[in-house]
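# Results of the structural survey
The primary structure of each chain is shown beneath.
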Amino acid sequence: MKIVKLKKDNLFPFLEAIKGDAELWAPVKKDDAKHTFQPVDDFSQIDLDYTRTILPPRKILLPAKFNMYQASKSEFTSDFSHISKKIIFGIHPCDIHAFLTMDKFYSYEIEDPYWLEARKNLVLLGHSCWPDENCMCKSTNTHVVEEGYDLFFTDLEDTYVVWIGSSRGDDLIREKPELFEEDLTDTDIQKFIQRRENRDKAFTTEINFAAMPDLMELKYNDALWEKLGDACLACGSCTNVCPTCNCYNVEDRPVLGKDFSNIQRCWDACTLENYSGVAGGENFREKRADRLKLWYTHKLQSYISKYGKPACVGCGRCVATCPVDINVKTVAQSLDGNEVDSFWDRLSKEVTK
Ligand code: SF4
Ligand code: SF4
């Protein structure tokens, strides 16, 4: 792997040089001080001083709603019109790992052409980050990346150390080689090592993910799930913000005056009641406790059996989002026998209100 150096003043000229006709998405700070990935033409809008965006970057590849195909009585035509060349700049290691997880999921047995086509058209430019109290990526070993990006920028105050992760990344550097320096000094290397050590020490949340598959099995009928189900609002927010969630619904939208329908794909959530509804009015997971158990089985158990790692990449979005504090951190701690008293106190107040 090749490593080069870029002065921070040269970042915007570099982005300008590589953008071409692609849409560049980057983190932008909203009025409420939260961050979101948005398409940016004016690079001064980019704010790299963020921990996590509200929605994960999978929204850029698979929007909340898009046409999959048009169907008439006799034929159907696939619709890839929402896919175009895109660059994501400023994506953090946990979200890059989430893309790698989705790659596996969407090419396992039956390929998802919409994800795979969008991926082909995507350039990923990663950026280093600093953890807050909700980050669990060190526990999931997704706090560093060795693959899955084209370039990765590590912030060393006035310069970036830029890791080249693909031949496409190498081509991007060659667009403006004069902006880069090839040789890292001993001081650069020392700064990089020091930053990594300091960052490792900054993680304050540790979750024993390795123990989760066994604990999920052992506690499948634990009263924990009923308590959580009683408190859960079934709002679906945890699912919408999780970078590895992939449930969707398919809707048939007839077009007035035409002999075809648009077949739309829209985000869905297994934490919502209607998701498990079937013809005849039956529902396999009517109870919120059962739906939560399914969600956590996916995150903490079944992906580990199938893909060798949890579906959770430790981004902390469910921790920052669930209005009643049901999230990977509190659930994993409870499964591990480390119930957070204040969490359960508050939960019981919510339930008895
Ligand atoms: S389960 Fe929570 S912490 Fe884990 S990847 Fe999903 S949103 Fe992030
Ligand atoms: S666990 Fe929290 S975020 Fe998820 S559906 Fe229940 S209340 Fe909403």
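Above this text you will find the structure in question.
Residues numbered from 1 in each chain as written. Chains lettered and ligands numbered in written order. Predicted model: local features only at pLDDT ≥ 70, side-chain atom pairs only at ≥ 80, totals over all residues. Heavy atoms only, no water.

### Quick notes on the overall build of the chain
Scanning the chain from N- to C-terminus turns up 13 helices and 12 strands. On C-alpha atoms alone, the chain measures out to a radius of gyration of 22 Å, which is about the 20 Å that the 2.2 N^0.38 rule sets for 353 residues. Across the 353 residues that make up the chain, the buried fraction comes to 50%. Considering only intrachain contacts with a sequence separation of at least 6, the fraction spanning at least 24 residues in the chain is 72%. Entry remark: accessible area of the chain is about 17,700 Å², with carbon and sulfur atoms responsible for 48%. In the chain, which carries 45 positive and 57 negative side-chain charges, the distance between the mean positions of the two groups comes to 2 Å. (Helix = DSSP H or I, 4+ residues; strand = E, 2+ residues; numbered from the N terminus. Rg over C-alpha atoms; globule rule 2.2 N^0.38 Å. Buried < 20%, exposed > 50% of the residue type's maximum accessible area, 1.4 Å probe, protein only. Contact = heavy atoms within 4.5 Å. Areas by Shrake-Rupley, 256 points an atom, 1.4 Å probe, with all protein chains shown as cover. Lys, Arg positive; Asp, Glu negative; His and termini not counted. Charge placed at Lys NZ, Arg CZ, Asp CG, Glu CD.)

### Let's talk about the packing of aromatic side chains
Tallied over the entire structure, the rule returns 19 aromatic pairs. Ring plane angle 15 degrees and centroid distance 6.2 Å describe the contact between Phe105 and Tyr303, whose orientation is recorded as stacked. One end of the pair, Phe105, is in helix 3 (residues 93-106); the other, Tyr303, is in helix 10 (residues 288-307), and 198 residues separate them in sequence. Residue Tyr303 is classed as buried on the basis of its relative accessible area of 9%. (Phe/Tyr/Trp six-rings, centres within 6.5 Å; stacked < 30°, edge-to-face > 60°.)

### With respect to the site of ligand 1
Inspection of the region around ligand 1 gives 13 residues, with Cys242, Cys312, Cys315, Cys318 and Val328 positioned closest. Listing elements by their share of the shell around ligand 1, those giving two or more residues are helix 10 and helix 11 (317-321). Its residues assigned to classes, the shell around ligand 1 shows 9 nonpolar, 2 polar and 2 charged. (Near = heavy atom within 4 Å. Nonpolar A, V, L, I, M, F, W, Y, C, P; charged D, E, K, R; others polar.)

### Here we look at the side chain of Asp188
You can see Asp188 is positioned in helix 6 (residues 186-202). Classification of Asp188 as buried rests on a relative accessible area of 8%. A distance of 2.8 Å separates polar atoms of two side chains, one belonging to Asp188 and the other to Lys5. There is a polar contact of 2.9 Å between the side chain of Asp188 and the backbone nitrogen of Thr185. (Polar contact = N/O pair within 3.5 Å; in protein donor to acceptor, adjacent residues only side chain to side chain.)

### Some points on the nonpolar core
If you look at the biggest cluster of nonpolar residues, it comprises 33 residues, and the most contacted ones within it are Trp225, Trp295, Tyr296, Ile326, Val328 and Leu335. Contributions of two or more residues to this core are made by helix 7 (212-218), helix 8 (224-231), helix 10, helix 11 and helix 12 (328-335). Apart from residues lying up to four places away in sequence, Trp295 is in contact with Cys238, Thr239, Cys242, Cys245, Cys270, Thr271 and Val328. Within the second largest apolar cluster, 26 residues are counted, among which are Leu11, Ile18, Val28 and Leu172. (Core = buried A, V, L, I, M, F, W, Y, C linked by side-chain atoms within 4.5 Å.)

### Quick notes on the state of the cysteines
Inspection of the entire model under this criterion finds 0 disulfides. The structure places no disulfide on Cys137, whose sulfur is separated from the nearest cysteine sulfur, that of Cys135, by 5.3 Å. By relative accessible area, Cys137 is classed as buried at 6%. With no disulfide of its own, Cys270 has Cys247 as its nearest cysteine by sulfur position, at a separation of 4.4 Å. A relative accessible area of 3% places Cys270 in the buried class. (Disulfide = S-S within 2.5 Å.)

### So, the environment of Glu133
Tracing the sequence through the fold places Glu133 in the loop between strand 7 (122-127) and strand 8 (151-156). The partly exposed category is assigned to Glu133, whose relative accessible area is 47%. Between the C-alpha atom of Glu133 and that of Lys258, which follows or precedes it by 125 residues, the distance is 54 Å.

### Observations concerning the layout of surface pockets
Take a probe with the size of a water molecule and roll it over the atoms, and the empty space left behind shows itself. Of the voids in this model, the largest pocket is the one considered here, and its volume is about 390 Å³. As for the largest pocket, its lining consists of 16 residues, of which Val144, Val145, Thr154, Phe192 and Arg196 are closest to the centre. Of all the secondary structure elements, the ones that give two or more residues to the lining of the largest pocket are strand 8 and helix 6. The element that contributes the greatest number of residues to the lining of the largest pocket is helix 6, accounting for 4 residues. (1 Å grid on protein atoms, 1.4 Å probe; cavity = no way out; pocket = protein on both sides within 12 Å on 5 of 7 lines; lining within 4 Å. Points joined across faces, edges and corners; volume = space filled by probe spheres on them.)

### Regarding unusual backbone geometry
The backbone phi angle of Ala234 is positive, close to 50 degrees, even though this residue is not glycine. Mapped onto the fold, Ala234 is located in the loop between helix 8 and helix 9 (237-241). Phi at Asp325 is positive, roughly 60 degrees, even though this residue is not glycine. Of note, Asp325 is situated in the loop between helix 11 and helix 12. Assessed through its relative accessible area of 29%, Asp325 is described here as partly exposed.

### A few points about the sheet that holds strand 9 (residues 159-164)
The strand order across the open sheet built from 8 strands is 3-2-6-7-8-9-1-10, with neighbouring strands paired in mixed fashion. The open sheet terminates on both sides in strands that have one partner only, identified here as strand 3 (35-39) and strand 10 (180-181). Inspection of the sheet shows strand 1 (residues 2-7) paired to strand 10 by 2 bridges, in the antiparallel sense. For Leu6, the partnering residue across the bridge sits in strand 10 and is Phe180. Where helix 6 meets the sheet, it contacts strand 1, strand 8 and strand 9, and its direction lies at approximately 90 degrees from that of strand 8. (Pairing = 2+ DSSP bridges. Axes fitted to C-alpha atoms, helices over the stretch in contact; angles between N-to-C directions.)

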